[in-house]
Amino acid sequence: SSDKIMEMMLYAEAHNAEKGEFSLNAIIPYLPYARQDRRCAKGDPFSLMIMSNLIKSCKFKSVTLFDTHSPISETLINNARVVSQYEIFGKTHSCDYWKETVLIAPDLGAAKKVDKFAASVNPKGVVYCNKKRNPSTGKLSDFEVLNGDLVTNNICIVIDDICDGGGTFIGVGNKLLELNPIKLDLIVTHGIFSRGYEDLLKIFNNIYTTNSW
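Some remarks on the nonpolar core
Formed by 20 residues in total, the largest nonpolar core has its most connected members in Ile104, Val158, Phe169, Leu176, Leu184 and Phe204. Those elements giving two or more residues to this core turn out to be strand S4 (101-105), strand S5 (125-133), strand S6 (140-145), strand S7 (155-163), helix H7 (167-177) and strand S8 (183-191). Beyond its immediate stretch of four places on either side in the chain, Phe169 contacts Pro106, Val158, Asp160, Ile162, Cys163, Leu186, Val188, Leu200 and Phe204. Among the nonpolar cores identified, the runner-up in size contains 18 residues, and Ala12, Ala26, Met51 and Val82 belong to it.

Structure (structure tokens):
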């Protein structure tokens, strides 16, 4: 929350005044305002840059972040170290389990993230999905599974960094269920669940997340 951000800055200023700058380490599991990592249209704020500048003003010795939404975060924040999604979730299952599992990117924006995770766990395969979003209304539509053959009769896990309202995962999840997976799970590092998770649990057998939010 904005109150917590102000609290962080006040604490850092007090610490730096007494102990000296760059002697305080910060752990910020969920990086606020990081989802807008560029200026999408004229008049839009670059919210990630604003948040990064606030963190830099605290003059931390190090800043530990969990699975940031955009790699730009690491370049904008001084002394940043990002805990990867594999470090967080890679050992929730055995190596043999991952080898029999199909990983799923819920949209093309998550493809690189899922590919990186796959490089660490060596899964049975990777499936890519796509969707369309109306920039004016935010409404999602036209969900599709691009290489769905791998879904049928396999254990499947959808992976992404954030679940807010869950619309993407519900839309993609329903398409995946049509392909008859053995089991369908969801991994999201930052579980906001602003609309609850009851509808998600109608689709996914298990949801894995952290308490970062």
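So, the pattern of salt bridges
Opposite charge on two side chains allows them to pair when their charged atoms are near. Evaluation of the coordinates by the stated rule reveals eight salt bridges. The residue Glu7 makes a salt bridge to Lys4 at a minimum N-O spacing of 3.6 Å. One end of the pair, Glu7, and the other, Lys4, are both in helix H1 (residues 2-19), three residues apart, so they sit about a helical turn from each other. The class for Lys4 is exposed, based on a relative accessible area of 54%. Residue Arg81 is joined to Glu87 by a salt bridge in which the shortest nitrogen-to-oxygen separation is 2.6 Å. Look at Arg81 and you get partly exposed, because its relative accessible area is 43%.

Points about helix H6 (residues 111-121)
For H6, the set of buried residues is Ala111, Lys113, Val114, Phe117, Ala118 and Val121. When H6 is viewed along its axis, its buried side chains cluster within an angular range of 160° and face the same direction. Opposite the buried face of H6, by more than 90 degrees, sit the exposed residues Lys112, Lys116 and Ala119. The inward-facing, buried residues of H6 contact helix H4 (85-89), helix H5 (95-99), S4, S5 and S7. Following H6 by one or two positions, Asn122 has its phi on the positive side, about 55°.

Cut-offs and rules
Throughout this document, residue positions are counted from 1 along each chain, in the order its sequence is written. The predicted nature of this model means local features are confined to residues of pLDDT at least 70 and side-chain atom pairs, given and counted, to a pLDDT of 80 or more, with totals for whole chains, interfaces and linings taken over all residues. Side-chain metrics in this entry use all non-hydrogen atoms of the structure; hydrogen atoms and water are not considered. Definition of nonpolar core: a set of buried residues of the types Ala, Val, Leu, Ile, Met, Phe, Trp, Tyr and Cys, connected through side-chain atoms within 4.5 Å. Working definition: with a 1.4 Å probe on protein chains only, accessible area under 20% of the residue-type maximum means buried, over 50% means exposed, and in between means partly exposed. Runs of H or I in DSSP of at least four residues are treated as helices and runs of E of at least two as strands, each being numbered from the N terminus. In what follows, residue pairs with any heavy atoms lying within 4.5 Å of each other are defined as contacts. One side-chain nitrogen of Lys or Arg within 4 Å of one carboxyl oxygen of Asp or Glu is enough to make a salt bridge. As used here, the arc belongs to the directions running from the helix axis to the C-beta atoms.

Read these as geometric descriptors, not functional statements.
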